[in-house]
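Tertiary structure, described
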Amino acid sequence: MTSARPEYAALNPPARRLFGTGPTTPDPRVLRALGLPVLGQFDPAFTAIMNEVSELCRFVFRTGNARAFPVSGTSRAGLEAGLCSLIEPGDRVVVVVAGRFGELLAEISRRCGAEVVAVDTAWGRVTEPDAVRAALATGRPKVLALVHGDTSTGVLQPLPDLVRLAHDRGAVVLVDAVLTLGGVPVEADGWGLDVCVAGTQKCIGCPSGMAPLTYTAAVEEMIAARRRPVQSSYLDLGQIQAYWGPDRLNHHTLPTSMTYGLREALRLIYEEGLEARWERHRRTGAALHAGIEAMGLRLFGDPAHRLPMLAIVEVPDGVSEPGVRDALLRRHHIEIMAAFGPLRGRAWRIGFMAYNAEVRNVVEFLGAFEDVLTNAGVRVPRGAGPGAAERAGGT
Ligand SMILES: *Cc1c(COP(=O)(O)O)cnc(C)c1O
């Protein structure tokens, strides 16, 4: 009797175009770097690479902080590392909640034992400084935690005024710049961000799996002066920094392949220059927003504070939200994303980030979107979207 052995075909993922909210399509250079020979994490050839990754992190965060390195894990691990290393049970933490990722900051803070004061803001709006001032005035807040660009709403939260308010009250500021770093200005030193956390798969343009972050010497001292150890061993920034710093104290086996990929993604940003990259995202976003509106569709959120790398597009009445996404994937190999919370089933989330942030990609996408929407019975003026995008994205 022979037992049937299942057959597994060689891995051959379809070549999708990732025009959702992350992961975005990595530059081929990043994919090649991921396949380079694996090194041990204490090999001097590798620790030299780690030092370069730290330098490049300082460059993208615009900081002179000694501490700038990636946490091994997705962006959420970086956010959790920052929060759980700062918060001790009973600490008061003010969290701006203006979307899904503000909710996440509040949830993580509560799990760390914080007394959370949430500044609830309607989705699609920015948070007014007065609301944050009032929340900071209650008790003695230790941390103000907030999202720079919330991927669930498409809104960019202006930071400098809110940072000043927190500092006036003696609180440190932790910012989720997961979506925004590499796509719009983020000034860790210039804005006085005490902890700033990013990710790899949005505007940095690497696959998901690491979370670059940076924090000030004052935060480092706060962590060192904790009354009790950080509850998480894996996400204890005090221990992780001892591994990334000159002492090289063993903490975990660094994912060396991901470190190569991140280094290449950061090197691409360094070569392009941050200002040029922000401008490329701005132009691509102008094309996207103009094209969507020219198709007769509505963009969600405050137009004065719209993120350039995203479009949160309202689903027209009578149209199936998942049906359109499925058709884009099947007919055009294009991925866009569903929405969360109050926007669930009511909006699509579309993004052009990093390698994908090019006007020509927007023009191609809008052609495909027109095809799929027309099939779904929406009356879209023919060619209007791509045409408007080309005009708005012109240099
Ligand atoms: C994507 C995202 C996250 C979560 O990132 P993961 O890499 O999935 O853990 C957090 N915050 C914002 C603003 C994001 O866009």
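Here the structure is shown first, and the text comes after it.
Here goes a summary of the coordinates provided.

A closer look at the pairing of strand β4 (residues 115-120)
As paired strands, strand β3 (residues 92-97) and β4 are joined by 6 bridges and run parallel to one another. The partner of R92 across the bridge, within β4, is E115.

As for the environment of D326
Counting through the fold element by element, D326 comes out in helix α11 (residues 321-332). Overall, D326 belongs to the partly exposed group, its relative accessible area being 43%.

Here's the deal with the site of the ligand
In the vicinity of the ligand lie 13 residues, with T74, S75, T151, D176 and K202 positioned nearest. Side-chain polar atom of T74 to an oxygen atom of the ligand: 2.7 Å apart, as the coordinates give it. Between an oxygen atom of the ligand and a side-chain N or O atom of S75, the distance comes to 2.6 Å. The fraction of the free accessible surface of the ligand (380 Å²) that becomes covered by protein chains is 87%. The dominant element in the shell around the ligand, judged by the number of residues it contributes, is helix α3 (residues 75-86), at 3 residues. Looking at the shell around the ligand residue by residue, the class counts come to 5 nonpolar, 5 polar and 3 charged.

A short note on empty space enclosed by the protein
Counted according to the given criterion, the structure contains 1 cavity of 30 Å³ or more. The volume enclosed by the largest cavity comes to roughly 90 Å³. In this structure, the largest cavity is lined by V96, A98, G99, G102, R125, V147, H148, G149, D150, T153, V155 and Q157.

Focus: the nonpolar core
Counting 84 residues, the largest nonpolar core has V71, L144, L237 and L266 as the members making the most contacts within it. When sequence neighbours within four positions are dropped, the list of residues in contact with L237 reads F69, V71, A81, G82, S85, L213, Y215 and I223. Judged by nonpolar contacts, the second largest core, of 31 residues, contains L299, V315, I350 and F369.

Here we look at the pattern of salt bridges
Applying the stated criterion across every chain, the model contains 22 salt bridges. A salt bridge links R267 to E264; the shortest N-O distance between them is 3.1 Å. Of the two residues, R267 and E264 both sit in helix α9 (residues 256-272), 3 residues apart, roughly one turn of that helix. Relative accessible area serves as the criterion here: at 9%, E264 is assigned to the buried category. Residue E279 is joined to R282 by a salt bridge in which the shortest nitrogen-to-oxygen separation is 2.9 Å. Here E279 pairs with R282, and both are found in helix α10 (residues 274-294), just 3 residues apart, close to one helical turn.

What counts as what
- Residues numbered from 1 in each chain as written.
- Predicted model: local features only at pLDDT ≥ 70, side-chain atom pairs only at ≥ 80, totals over all residues.
- Heavy atoms only, no water.
- Pairing = 2+ DSSP bridges.
- Helix = DSSP H or I, 4+ residues; strand = E, 2+ residues; numbered from the N terminus.
- Buried < 20%, exposed > 50% of the residue type's maximum accessible area, 1.4 Å probe, protein only.
- Near = heavy atom within 4 Å.
- Polar contact = N/O pair within 3.5 Å; in protein donor to acceptor, adjacent residues only side chain to side chain.
- Areas by Shrake-Rupley, 256 points an atom, 1.4 Å probe, with all protein chains shown as cover.
- Nonpolar A, V, L, I, M, F, W, Y, C, P; charged D, E, K, R; others polar.
- 1 Å grid on protein atoms, 1.4 Å probe; cavity = no way out; pocket = protein on both sides within 12 Å on 5 of 7 lines; lining within 4 Å.
- Points joined across faces, edges and corners; volume = space filled by probe spheres on them.
- Core = buried A, V, L, I, M, F, W, Y, C linked by side-chain atoms within 4.5 Å.
- Contact = heavy atoms within 4.5 Å.
- Salt bridge = Lys/Arg side-chain N within 4 Å of Asp/Glu carboxyl O.

The quantities given are spatial measurements derived from coordinates; they are silent on function.
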